[in-house]
Amino acid sequence: TLLVYSLPQVEISFYQDAGFFMVGQTSTLPLQINNISRKSAVLGTFKVTAENADLMNNTILIGTLEPGGYYTLDAMLTPWMAEQLQLNFTINYTDDFNQPRQIEQTMLIDVQDMPVMETPIPGTEGNGGEIIVDQPETFWQKILRFLRGLFGLGSAQETPTPLPGELE
């Protein structure tokens, strides 16, 4: 009798578009492990690591994957630097001779700097960056508005007047 040693054939990829990765912003890594062989594979733990980044929810136990089957992992990634970040994937399993083995794969993703906001926030032009906040109307201001309305002098609520240089 001859025992045949066969390696599991798996592919690690994103199961949907991962979007953009920004420095300091936590993003989801929608990872998927596909069994691309013609027989079942019994896999152990799947782990994602990366240098210059924090990863959460990055380890999971897979189990048996049928031919054409898949398993997903939604790890959370927070990169520290704008660069091409290398993701390292490790799948531990036991081979046909009960020896511990590993499947290792890598993937590169682009991490970008946070965009700089060049347009000012509405209401902040010309007043040193301060935002004008409407003050709540007092009881006496409401009475005065009521009396002006009775005499037909206008009862609209006062709006803050813009500072010089704010009008365009």
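**Topic: the nonpolar core**
Then step 1. In terms of nonpolar packing, the biggest core is built from 28 residues, with Leu-29, Ile-33, Leu-43, Phe-46 and Ile-91 touching the most fellow members.
Then step 2. Beyond its immediate sequence surroundings of up to four residues, Ile-33 is in contact with Val-10, Glu-11, Ile-12, Leu-43, Phe-46, Ile-62, Leu-65, Gly-69, Tyr-70, Tyr-71 and Ile-91.

**Re the pairing of strand 3 (residues 27-35)**
Then step 1. Of all nine residues in strand 3, eight are buried, a share of seventy percent or more.
Then step 2. Note: strand 1 (residues 10-14) against strand 3, five bridges, orientation antiparallel. Across the sheet, residue Val-10 finds its bridge partner in strand 3, namely Asn-35.
Then step 3. As judged from the eight bridges shared by strand 3 and strand 7 (residues 70-79), these two strands associate in the antiparallel manner.

**Considerations on the sheet that holds strand 6 (residues 59-65)**
Then step 1. Spatially, the five strands line up as an open sheet ordered 2-9-8-4-6, and their pairing is mixed. Edge positions in the open sheet fall to strand 2 (21-22) and strand 6, since each of these has one partner strand only.
Then step 2. In terms of strand pairing, strand 2 meets strand 9 (residues 100-112) through two bridges, oriented parallel. Across the sheet, residue Phe-21 finds its bridge partner in strand 9, namely Val-111.

**Let's talk about the side chain of Thr-90**
Then step 1. Its location among the elements puts Thr-90 in strand 8 (residues 84-94).
Then step 2. With relative accessibility at 18%, the residue Thr-90 sits in the buried group.
Then step 3. Aside from chain neighbours lying at most four places away, what touches Thr-90 is Thr-45, Phe-46, Lys-47, Gln-102, Ile-103 and Glu-104.

Calculation criteria
Residues numbered from 1 in each chain as written. Predicted model: local features only at pLDDT ≥ 70, side-chain atom pairs only at ≥ 80, totals over all residues. Heavy atoms only, no water. Core = buried A, V, L, I, M, F, W, Y, C linked by side-chain atoms within 4.5 Å. Buried < 20%, exposed > 50% of the residue type's maximum accessible area, 1.4 Å probe, protein only. Contact = heavy atoms within 4.5 Å. Helix = DSSP H or I, 4+ residues; strand = E, 2+ residues; numbered from the N terminus. Pairing = 2+ DSSP bridges.

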